[in-house]
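Report on the structure
Chain residues, written in single-letter form:
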Amino acid sequence: MQQATQIGDRIKLLIAENQMSTYEASKKLGYDRASKLYKLIANEVKPSYETMLDLMNTWPNVSPDWLLKGVGPMHRDEQTSQPAREEASQQNEAVVALKRPTPDSGRMPAVIAVNPDNNEEEILVVPIKAQAGYFRSGKDKDVLREYGTLKLPGFDGKTYRAFEVDGDSMEPTIGRGDYLLCDFVEHWDLVKPGHVYIIETIDEFICKRLRGPLPEGKPIEMLSDNTFYEPYVIAFDRVVEIWQVRGQLTRHIPANSNAAHERMYRLMEDMARDSQLLKQTLLEITNRFAMRLVPEGL
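Residues numbered from 1 in each chain as written. Predicted model: local features only at pLDDT ≥ 70, side-chain atom pairs only at ≥ 80, totals over all residues. Heavy atoms only, no water.

**Details of the packing of aromatic side chains**
Taken as a whole and judged by the stated rule, the model has six aromatic pairs. With a centroid separation of 4.8 Å and an interplanar angle of 55 degrees, the aromatic rings of F163 and F205 are classed as tilted. Residue F163 is located in strand β5 (residues 160-164), and its partner F205 is located in strand β8 (residues 205-210); the two are separated by 42 residues in the primary sequence. There is no split in this pair, since F163 and F205 are both buried. On the basis of an interplanar angle of 85 degrees and a centroid distance of 5.7 Å, the ring pair of F228 and Y229 is categorised as edge-to-face. Among the aromatic residues, those joined into a ring-pair cluster are F163, F184, F205 and W243. Above the plane of the ring of Y31 lies K36, whose end atom (NZ or CZ) is 4.2 Å from the centre. Between K208 and the ring centre of Y229, over which it is positioned, the NZ or CZ distance is 5.7 Å. (Phe/Tyr/Trp six-rings, centres within 6.5 Å; stacked < 30°, edge-to-face > 60°. Helix = DSSP H or I, 4+ residues; strand = E, 2+ residues; numbered from the N terminus. Buried < 20%, exposed > 50% of the residue type's maximum accessible area, 1.4 Å probe, protein only. Lys NZ or Arg CZ within 6 Å of the ring centre and 35° of its normal.)

This is the structure we're talking about:
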């Protein structure tokens, strides 16, 4: 096979292997314009993470290692024996390592979870008890495979991760034991101040609101919803990945505040009626007492 040292060259080979023109491939990928693919195969730009997923979802037999790194054969079935494929299909999920690109082309998560049966990405779940191993593993695929995955409606098309929360710094918004559904932040310059993020450093996860944007190299200040806690500052060079919170799985269902208000209003109405009744009773007693003080001869 022709040597393809750059990713654009490999995309060009993939399109040719499927006997398509660049225009036809662009339409199959769902792109309105073919100019995007033309720039990719000319190596004028590097593909984004979403583009890589589009390519792998459109041609599921393409090897991620070959497409991303140029390692091994182009097709999955050329590098995996039948017994190995059968063994893989019996597992709940597989973790595929992705090479982190250069900063000018955006960031990618170190790993994604992919279902080997349909090649669809799933949500990797990181519970509290697994977080220490998550850091120590260096994103080791065998370690992460034990974490488990989930699939939820409305959470597809991007890389999502579910992190379990420990601590009360975000109460009452987020409680201890809640799972936060987050999507990967590819471009750090597009973060939204005031929104909740999970920042992964080299040794911990921090879940708080970003106070402001993220200037390159500047300390990152994050705020808690629990006003008992002071602002938390993170050194920029300690940040590994950033995830924006998009959803929440919780066991803590608050009471109906409207019902409590209604009970309070009814109590106030009862007190008002009782007050009126008491006032009326006192007036009747006063009237009777006044009548008795009038001399009988008058």
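**Comments concerning the side chain of H75**
Tracing the backbone shows H75 in the loop between α5 (64-69) and α6 (82-89). Residue H75 is classed as buried on the basis of its relative accessible area, which comes to 14%.

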